Every structure is written in C-alpha cells, then in structure tokens.
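Geometric and topological summary
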Amino acid sequence: MIELEGVPELIDPVMVAAFEGWNDAGDAASTAVAHLDREWKGEVFAALDAEDYYDFQVNRPTVWLDGGTRRITWPTTRLSVVRVGGDKPRDLVLIRGIEPSMRWRSYCNEILGFAHELGVEMVVVLGALLGDTPHTRPVPVSGVTSDPDLARTMDLEETRYEGPTGIVGILQEACTHAGVPAVSLWAAVPHYVSQPPNPKATLALLNRLEDLLSLRIPLGELPEDARAWQLGVDQLAAEDSEVAEYVQTLEEARDTAELPEASGEAIAREFERYLRRRDVGGPGQPPGGHATESGGDLPFLRDTPSDRTRPPKPKRPDKGRPKDSDGGPPPEDPPASGPDEDASDD
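Please read these numbers as outputs of a predicted model, since none were measured by experiment.

Describing unusual backbone geometry
Along the chain, Pro 196 connects to Pro 197 via a cis peptide bond; the corresponding omega equals 0°. Inspection of the secondary structure assignment puts Pro 197 in the loop between β10 (182-190) and α6 (199-213). In this structure, Lys 41 is a non-glycine residue whose phi angle is positive, near 55°. Its relative accessible area of 34% is what places Lys 41 among the partly exposed residues. Of note, Ser 214 is a non-glycine position whose phi angle comes to about 55°, a positive value.

This is how it looks when you write it as structure tokens:
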C-alpha cells in the first residue's frame, strides 16, 4: 500500500527516473538524476523494499561506520521531490535506483502507483548506451516514445526498437499501457572510453531535459568537468596511434552524416538554451534556475547526498567494437534513425 502522508500537493509534477546497470553506460543517466537531486536539495519520501526486487549476491549491501555504529546500506530505489522555482514553479519526482534483479512488472506497477497518487503528468526516463560516436563531438541524445501523439507534439522519435531490453524499456511500455505519457532520453557514450564517470554525457542529458521540460537546470561544475574529461581522453588517445586513427574515422563519419542537417534546427536549439540561461530571473539569482529550499515547503526526510568529487582521469581507451557489460548488443532502445544532436561541447 502506498502511503504519502506529509507530501504536499505537487505543482505540475513530472517524474524523472534513471537506473544504474545495463541502461546506464558511463553512469551518465544515474549521475544526471543525482545532479538534479543535489542541486535542488531533494527530499526522500519513499523507498521500495529491497527484499522484493534485488538479488543481494548480485547487488550487495554495503557496511559503513556512523561514528562508532556499524550501519548497512541496502541496494534499493528511492523517490524524492524537488521544487523548481522561477516564474512558473513546478515539482519533479526523482527516481534513483539500481535495475532490479527480479519482479520487473511488480516493480513498474509500484512506481506507477506513486505516479498516480502524486498526479504525475509525464514520466521521463534517462538512459545511456554505448555507440560509435567520437568523444570529440557533441554527445548524441535521442528522445523516443511509444506514443505517436507524443512523438508528434514534442518532436520525438517513435521507437521501432526490437530486441533485448532493460528496465527503462519495460517502464516506458508500462507507462504507455497505463495511459501515462512517457519519454526516454538516450545519450550515446563512446564505446572505446566507457568507464564512468562521463560528465560530458551527463551534461548532454541535462541539456536535453531542459529543452523537453522548458526548465533551467543549474549545472554547477559539470561544464568544467566535461571539458576536463574530454582533454583527458584527448591526451590518452594521442598516445596510441591506432586509437587516434580510429577516433579520426569516427569524426569523419559523424561530420559527413551531419552535413545535410548542419542545421538551423540545432543552432536554434542552442540559441534558445543560451537565452534561457541569460534570463536570470531576478536579482541575486544565478543563471540556470533555482530551487525552493527544502524544510519549509517539503517536510520530508533528507536523503544525505554523497560528497562530490572531481572526475578521475579517464582510463586508457578500450580498443574494439561496442559491447555492453554482458557482451551482448547495445543496451537499450536505439532510435530507428540517426539520433538528434542536442548538446554542446561544454
């Protein structure tokens, strides 16, 4: 039974979800939701029962010391709420979790139960997959949906994917059958440098989410982290002639594919994003939006955020063709046609 005592009435809520594991190359998607939770001071109001959905031999709990007391953190899925301020405030329901080991239908039904009780208007699921994309170019981000009307009104691709899927694909289809509008945003991560973190892919997902929801997201140090990550990969690739040659091949293929579309549409999106960030919204407020401070407005238990660290120097790029962690096909619903370019090099 879902209990939401103490949760205030939400304003135009949208649910944004990401899941660690098969759907999360470079941890780009889960890091994006963690960024939203941290920047807007999310308040946890619910967690799914770990016993119902996780194999603890696959996703093991961790033990840590709180002063002199030993405590256990169990793998689970948590839901939090953030309030986005501005001229038109709205609420986001954030879901952060690990792809469940079992009972996927029950898992999705439980999430949809929360969506129904909270009056969620749309579900946006973030994912990341490995692809033949060079690290030197903007990260391709595709927006896909199973809803033809939503695809038309929001300029998204209608998914035609067939093959193995993850919890992102299952949740999107569950939303569709339940009559809840649902969108998936997918970032393509270079397969030859797939180790997390990938701040450039995280930044691209957040930029696309801004466009989709007409929000201004505070980016903090992410643009600087993305530049540092690219410089680090540049240096490592330059040390290996085979990798450097392969990257150049990917660049040429990418640039050739983009020529017909090098486009007004992409430039217009970038200019609109610039105008949003330039529109500060009031004295003393930094560009990129703000959140109402928690405590007075959202009396929930606080989810203690982990300490943020600078991204480590990328490991030496892996040679070879793309693969997921299980050695199978790319992890999730790739678009039927070429992905949209929706992120800057920052």
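Moving on from the coordinates now.
Brief notes about the confidence of the model for the chain
For the chain, the average pLDDT comes to 80, and 73% of its residues sit at 70 or higher. The least confident element of the chain is strand β11 (residues 301-302), whose mean pLDDT is 30; the most confident is strand β1 (residues 14-20), at 97. Confidence drops under pLDDT 50 across residues 280-313; counting only partners more than four residues distant or on other chains, this segment forms 63 contacts.

A look at the pairing of strand β5 (residues 77-84)
Regular strands place their side chains on alternate faces of the sheet. Buried residues dominate β5, accounting for seven of its eight residues. The pairing of strand β2 (residues 43-47) with β5 spans four bridges and is classified as antiparallel. What sits directly across from Ala 47, in β5, is Arg 78. Looking at chain direction, β5 and strand β6 (residues 90-98) are connected through eight bridges and run antiparallel.

A look at helix α5 (residues 167-177)
Those residues of α5 that sit buried are Ile 167, Val 168, Gly 169, Leu 171, Gln 172, Ala 174 and Cys 175. Its buried side turned inward, α5 meets β1, α3 (104-118), β7 (122-131), β8 (141-145) and β10. Phi turns positive, to about 80°, at Gly 179, one or two residues after α5.

Side note on the packing of helix α1 (residues 28-39) against α6
α6 packs onto α1 with a crossing angle of 60° between their chain directions and a minimal axis gap of 8 Å. Considering their axes alone, α1 and α6 lie oblique with respect to each other. For the element pair α1 and α6, the recorded crossing hand is right-handed. Along its contact with α1, which presents Ala 28, Ala 29, Thr 31, Ala 32, His 35 and Leu 36, the element α6 presents Ala 201, Thr 202, Leu 205, Leu 206 and Leu 209. Among the residues making up the contact of α1 with α6, the classes are represented as eight nonpolar, three polar and no charged.

Basis of the calculations
Residues numbered from 1 in each chain as written. Predicted model: local features only at pLDDT ≥ 70, side-chain atom pairs only at ≥ 80, totals over all residues. Heavy atoms only, no water. Helix = DSSP H or I, 4+ residues; strand = E, 2+ residues; numbered from the N terminus. Buried < 20%, exposed > 50% of the residue type's maximum accessible area, 1.4 Å probe, protein only. pLDDT = per-residue confidence, 0-100. Contact = heavy atoms within 4.5 Å. Pairing = 2+ DSSP bridges. Axes fitted to C-alpha atoms, helices over the stretch in contact; angles between N-to-C directions. Parallel < 35°, antiparallel > 145°, perpendicular 65-115°, else oblique. Left-handed = near helix turned anticlockwise from the far one by under 90°. Nonpolar A, V, L, I, M, F, W, Y, C, P; charged D, E, K, R; others polar.

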